[in-house]
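Secondary and tertiary structure notes
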Amino acid sequence: MSLISANKAEWSDTIAAMHVLHVVGARPNFLKAAPVIRALSKWPVQQTLIHTGQHYDPALSGIFFAQLNMPDPDVNLEVGSGSHAWQTAEVMRRFEPVLLERKPDIVVVYGDVNSTVAAALVCAKLNIRLAHVEAGLRSFDRTMPEEINRIVTDQLTDVLFTPSEDADINLQHEGIPKERIFRVGNVMIDSLVRLLPAAMQCARNGLPERYALVTLHRPSNVDDSASLRRILTSLLEVNDALEVIFPAHPRTRQRIEQFGIDTGKLHLMEPLPYIEFLSLQSHATVLITDSGGIQEETTYLGVPCLTLRSNTERPVTVTLGTNVLIGQDLGRLSSELEIILDGKAKKGSIPPLWDGNSGKRIAEILHA
Ligand code: UD1
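Now for a look at the structure at hand. (Residues numbered from 1 in each chain as written. Predicted model: local features only at pLDDT ≥ 70, side-chain atom pairs only at ≥ 80, totals over all residues. Heavy atoms only, no water.)

1. Focus: the side chain of Glu 297
Here Glu 297 is to be found in helix 13 (residues 292–301). For the buried Glu 297, no salt bridge exists, and the shortest N-O distance to an oppositely charged side chain is 8.8 Å, to Lys 32. A distance of 2.8 Å separates the side chain of Glu 297 from the side chain of Gln 281, its partner in a polar contact. (Helix = DSSP H or I, 4+ residues; strand = E, 2+ residues; numbered from the N terminus. Buried < 20%, exposed > 50% of the residue type's maximum accessible area, 1.4 Å probe, protein only. Lys, Arg positive; Asp, Glu negative; His and termini not counted. Salt bridge = Lys/Arg side-chain N within 4 Å of Asp/Glu carboxyl O. Polar contact = N/O pair within 3.5 Å; in protein donor to acceptor, adjacent residues only side chain to side chain.)

Written out as structure tokens, the structure reads:
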């Protein structure tokens, strides 16, 4: 395959419409699929969208579809929540008959969630061509469920779309032939670039001039009572210096209630829609997070990011961007915060190909 620049009208006359089937399941998938679907819609391509139902709350799913202007899913597998084995198996069980019925030429999966690996396994067993958007990212931490999903998905994938050079190198180390790897840049940044103007229009009534925006949902941080308590205590200390705004993932809120943790003066709120969250991100003094996507978005926006993890599958956000890994040492959180409040935050730059055109590159390669 190669990048093509052929006249699209000529193409549509000569080539039967290719059928691309996209599988999405969780919040970050939607942000990655939307630009690819939009770019492919400019080509003579039949597209089918399958939602596994891994995320089902309107705040984590429906509102994202609306803001990203995505078509409604053709099928919702309505899998819902469960253990990793249960959720993965249930996506596989429900996806297989859909795939057999729809017979696409290629399936596109996104990111590293359970729905991604489940769909990849089904395609591999049915010998259906598979493309993976955001291939090659590695944290080298196999205690992280997403790392298992990444490794397995990439091994099963025919066409691997990577966001950065480190991802290409990781894939080659794992024996993936170069010809199957296409560095297209960061497709999630396409969504950011498109919706940033709308985010800038959001009213900022009642928002403090300076604030820390917090998100937290990794099992390693929130599923263990001692760890969650430690982090929330540190955030309460941060709140003394800088107001904390904390849109809490349902998983995190459930754990706070289950462990009976008093969040004191922390400003907890429901998960926010994408545009509203992007607005808060772009005006924040600092992000404190364990999310992968937010490490990338802050790098693009040039906003300081303190990541409550010891490793990252997105090292370019540390080497080029504004990201600092805090690890388990919460003392480091206050010292890094001080640096930022002193106006000495790390200045980053935007990684190559994070330019809002990754979806177009993917569409051209898929269609070639
Ligand atoms: C999943 C992904 C993670 C991604 C995150 C983005 C995996 C292994 N993890 O984590 O990589 O960063 O999505 O948000 O796929 N829940 C609701 N409503 C929903 C969905 C979930 O309340 O719509 C609650 C349920 O109690 C569920 C819990 O959140 O058990 C966790 O949901 P799940 O999809 O298993 O994982 P996330 O933590 O969301």
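So that's the structure; there's more coming.
2. Quick word on the site of the ligand
Near the ligand there are 20 residues, and of these His 55, Tyr 56, Asp 57, Glu 146 and His 249 occur at the shortest range. Interatomic distance of 2.8 Å between a backbone N/O atom of Asn 114 and an oxygen atom of the ligand. For the ligand, an oxygen atom lies 2.8 Å from a polar atom in the side chain of Arg 251. In isolation the ligand offers 730 Å² of accessible surface; the protein chains occlude 89% of this area. Judged by the fraction of its atoms near the pocket grid, the ligand is located in the largest pocket. Within the residue set of the shell around the ligand, elements represented by two or more residues are helix 2 (27–40), helix 4 (84–102) and helix 11 (250–258). (Near = heavy atom within 4 Å. Areas by Shrake-Rupley, 256 points an atom, 1.4 Å probe, with all protein chains shown as cover. 1 Å grid on protein atoms, 1.4 Å probe; cavity = no way out; pocket = protein on both sides within 12 Å on 5 of 7 lines; lining within 4 Å. Sits in = over half its atoms within 2 Å of the grid points.)

3. Some points on the environment of Glu 78
As for its position among the elements, Glu 78 is in the loop between strand 3 (75–76) and helix 4. Take Glu 78: its relative accessible area is 60%, and that puts it in the exposed class. Remark: the alpha-carbon pair of Glu 78 and Thr 162, spanning 84 residues in sequence, is separated by 29 Å.

4. Digging into the sheet that holds strand 7 (residues 181–183)
Within the open sheet, the seven strands sit side by side as 3-2-1-4-5-6-7. Their pairing is parallel. Looking at the sheet topology across the chains shown, the edges are occupied by strand 3 and strand 7. The pairing of strand 5 (residues 130–133) with strand 6 (residues 159–162) spans three bridges and is classified as parallel. Bridge pairing in strand 6 links Ala 131 to Val 159. Docked against the sheet, helix 5 (residues 114–125) engages strand 1 (18–24), strand 4 (106–110) and strand 5, running at close to 160° with respect to strand 4. (Pairing = 2+ DSSP bridges. Contact = heavy atoms within 4.5 Å. Axes fitted to C-alpha atoms, helices over the stretch in contact; angles between N-to-C directions.)

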